[in-house]
Amino acid sequence: MDLERLWRDTLVASAAELWKIDLLHPRFAPLIEPPSDFRFGDLASGVAMRLARDLKKPPRKIAEELVAKLGDVPGASRIDVAGAGFINFIAGKAALASAVDAARREGPSYGRSDVRRGCRVLVEHTSANPTGPLHIAHGRQAAIGDSLARVLRHAGFTVGTEFYVNDTGRQIENLGKSILWRRYELQGTPFRREIRGVDDEGRPAAWLAAEINGARFEIEERNLYRGDYIIELAKRVPEPVTLGACGRFGRDVLLAEIRRDLEDFRVAFDRWSSQEALERGGAVADLVEKLKARGLTFEKDGAVWLLSRDYGDTDDKVLVKKDGQYTYRTPDIAYHCDKFGRGWDRLVDLWGPDHHAHVLGMRVALKMLGLLKEPDVMAGKEVSGTLVPSTPAENFQVLIVQHCRLLKDGQEVKMGKRLASYVTLRELMEEVGVDAARYFFVMRKTDSPLDFDMTLALRQEADNPVYYVQYAHARIASVLRKAVDKGLLRPSDFKEGVYAGPFEADALGAEETLLIRHMSGLRRTVDRAAQALDPSLVCAYLYSLAAAYQFYQTAGKKDPSKRILVDDERVRRMRLASVSAVKAALKTAMGLIGVEAPERMESVAAEPEAES
RNA sequence: GCCCCCGUAGCUCAAAAGGACAGAGCACCGGAUUUCUAAUCCGGUGGUUGCAGGUUCGAUUCCUGCCGGGGGUACCA
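Because the structure is predicted, anything quoted here is derived from the model rather than measured.

Conventions we followed
- Think of each chain on its own: its residues are numbered from 1, step by step along the sequence as written.
- Labels follow written order: the first chain is A, the first ligand is 1, and so on.
- Since the coordinates come from a predicted model, pLDDT governs what is reported: local features require at least 70, and pairs of side-chain atoms require 80 or more to be given and counted, while whole-chain, interface and lining totals use all residues.
- Values shown for side chains rest on all heavy atoms present in the structure; no hydrogens or waters enter the calculation.
- Put simply, DSSP marks the helices as runs of H or I at least four residues long and the strands as runs of E at least two long, and each gets a number from the N terminus on.
- By definition, residues are in contact when any of their heavy atoms lie within 4.5 Å.
- Only four residue types enter the tally: Lys and Arg on the positive side, Asp and Glu on the negative side, with His and both chain ends excluded.
- For this purpose, a charge sits on NZ of Lys, CZ of Arg, CG of Asp or CD of Glu.
- Should DSSP find at least two bridges between two strands, the strands are taken to pair.
- Only heavy atoms are used to decide nearness, and a residue is near a molecule or strand if one of them lies within 4 Å of it.
- For the purposes of these results, a polar contact is taken to be a pair of N or O atoms within 3.5 Å, where, inside protein, one atom must be able to donate a hydrogen and its partner to accept one; residues adjacent in sequence count only when each atom of the pair is a side-chain atom.
- Each residue's exposure class comes from its accessible area (1.4 Å probe, protein chains only) as a fraction of the maximum for that residue type: buried when under 20%, exposed when over 50%, partly exposed otherwise.

**Student:** Go over the overall build of chain A with me, naming the residues and quoting the values.
**Tutor:** Counting secondary structure elements, chain A contains 21 helices and 19 strands. Dimensions along the principal axes, computed over C-alpha positions, put chain A at roughly 90 × 65 × 40 Å. Across chain A, every contact between residues at least 6 apart in sequence was considered, and the portion connecting residues at least 24 apart equals 69%. Distance between charge centroids for chain A: 3 Å, based on 90 positive and 89 negative side chains.

**Student:** How would you summarise the pairing of strand 15 (residues 404–408) if you had to cite specific residues and measurements?
**Tutor:** Bridging between strand 15 and strand 17 (residues 450–453) involves four bridges; their strand directions are parallel. Looking at the pairing, Cys404 lines up with Leu450 of strand 17. Here strand 15 runs beside strand 16 (residues 411–412); their pairing, made up of two bridges, is antiparallel. The residue of strand 16 that forms the bridge with Leu407 is Glu412. In this structure, the hairpin formed by strand 15 and strand 16 is closed by a connection of two residues, where Asp409 is found at a positive phi of approximately 50°.

**Student:** Would you mind going over the protein's contact with RNA strand B in detail, with residue names and values included?
**Tutor:** The environment of RNA strand B is made up of 63 residues, and the closest members are Phe86, Ala462, Ser478, Lys557 and Arg563. Near-protein atoms of RNA strand B (within 4 Å) split between backbone and bases, with sugar and phosphate holding 56%. Between a phosphate oxygen of RNA strand B and a side-chain N or O atom of Tyr468, the distance comes to 2.3 Å. Between RNA strand B and Thr554, the relevant distance is 2.5 Å, taken from a sugar or linking oxygen to a side-chain nitrogen or oxygen of the residue.

**Student:** Just give me the short version of the environment of Ile476, but keep the residues and values in it.
**Tutor:** Following the sequence through the fold, Ile476 ends up in helix 17 (residues 465–485). Taking relative accessible area as the criterion, Ile476 reaches 0% and is therefore assigned buried. On a C-alpha basis, the gap between Ile476 and His138 in space is 35 Å, while along the polypeptide they are 338 residues apart.

The structure is reproduced here in structure tokens:
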């Protein structure tokens with residue numbers, strides 16, 4: 001039974017009868033939502049306040065009339081009018097009990113909804129160039145992208161995840177040159193530094209050059225990859241060592257490393273899309289031809305330009321440079337066409353802040369190709385059937401994943417000079433663990449810059465949210481173990497780590513009610529997180545449910561009658577069922593952000609110090 | 001110049017689609033433990049939500065202007 005929907009429909013029906021007003025109109029939304037404080041009740045409606053002007057009556061009076069009309073509502077034990085005119089719904093014990101049962105029974109599926117079944121959304125994220133190891137900025141993208149995919153799946157979307165591999169072009173050429181340069185260096189070839197001309201920003205350009213077997217080899221310094229990993233690659237390039245071989249070798253090794261890092265970070269992709277394959281298959285050339293044929297391009301200074309200004313861009317953009325090479329955006333547009341062509345209804349991309357300026361360009365290009373669906377077109381499909389009407393969304397959305405600063409002992413961890421690279425994701429994983437890393441990366445809104453406090457992530461205290469949440473789960477597990485030890489439960493009473501036996505709803509008390517109200521918010525949280533494309537809401541849910549539980553269990557310290565394992569079997573079973581439901585909900589929600597739910601917490605202090 | 005994001009407690013951040021007294025954590029002060037793992041909890045101090053207008057029954061939230069901070073603005077990717 002879905003109380004939210006049930007109660008909402010009751011409100012709608014009553015208002016229609018009383019005043020012939022359709023409360024489903026967006027201006028009355030949200031019709032029903034969790035109250036600001038769960039002490040008010042299970043769900044609340046502020047609709048009376050929004051009706052005040054239409055009905056020319058004080059909100060409280062409207063609320064009272066509406067409540068009188070509602071009469072007895074299924075699942076509710078009481079409906080109050082409070083404050084300026086809020087209507088508070090208080091669930092009956094049977095309804096609370098069924099929530100407890102649902103969480104225990106559904107486990108990993110708890111909080112899932114199916115209203116969006118059939119909508120196919122493709123999440124592309126991370127997509128780091130295979131020219132170096134993943135660093136923490138990629139880590140944040142990966143954590144958010146993967147969590148978002150899990151959340152969308154839980155919210156009922158059919159979800160795909162992709163990593164776009166820039167495995168050809170300038171970057172790979174520069175990678176190859178960098179490796180070859182190191183290779184020559186290792187062989188003792190002397191390089192000289194020359195200042196020649198200016199770079200694009202008007203500064204003197206420095207080049208490294210050498211004569212090798214009578215031929216000149218040179219590379220502009222700013223294009224060099226200088227990390228130590230380049231030297232390692234240079235040592236390992238198989239013969240014959242050519243520029244192309246170096247690029248391909250480096251790319252393949254680094255891509256394999258990226259895949260391994262992501263796998264260890266619990267980030268899975270359904271598909272790795274190769275730019276090289278796309279170009280080889282002719283998709284990019286076809287795109288340019290198609291645009292030309294439709295008269296959407298022009299030629300100037302030997303380059304092919306897109307008439308993007310006519311479609312809302314700030315400038316016309318180059319598709320094919322005068323040297324015949326594509327700009328970065330041309331294969332990128334082709335790739336997005338490809339994604340739509342493979343049947344996805346909606347594309348969500350996660351990009352770094354340095355790509356911010358390209359959002360508009362991509363939107364415009366898709367619009368020119370007739371692939372972009374404007375908000376109103378999407379709205380009909382998405383709104384229908386959902387409990388919370390959607391903000392109309394385009395079928396192409398970009399999330400800019402903001403910068404992430406690493407802090408250690410209150411100081412920013414700067415770029416490692418010797419390595420000439422940022423702190424790698426691998427190093428971060430090894431230092432703070434996958435759970436803490438993923439939780440911290442997802443904790444803040446995607447478009448807010450994040451300060452990642454490594455000292456805090458390692459601390460095993462309440463101020464570290466990931467430990468706080470995991471500890472709540474482990475504490476429940478501990479109580480359940482205790483119940484077995486004391487002979488109060490048998491192993492056969494358990495299913496998936498929770499007490500699966502029956503309990504009497506009448507035994508539920510005020511403390512459990514509060515706990516269950518917090519727990520019941522998962523479905524709504526997932527719905528909202530999917531709607532807003534914001535997995536940080538899952539962290540907020542986890543933290544507040546964990547806090548509610550920590551409060552609940554600690555209350556039993558002062559007052560033994562509030563303990564879970566009390567003598568009264570009826571109360572005890574009710575409490576075991578309630579906390580088991582919380583345990584299941586915590587585990588499910590942690591799963592949505594890729595964090596493990598431990599059965600017991602082991603103190604770091606008890607373990608031998610890991611020396612590096 | 002233009003575009004985007006952000007200004008909330010001393011610090012880091014919340015505030016659900018415009019609603020209940022703007023909430024947490026840290027820090028500071030004071031309490032609770034013969035434990036269901038205190039890795040916890042409770043209480044207290046702390047706010048003109050950058051400034052000025054506007055819309056509204058109601059604004060941290062929406063609109064306008066200003067001040068301050070960050071990012072972006074390639075025939076690089």
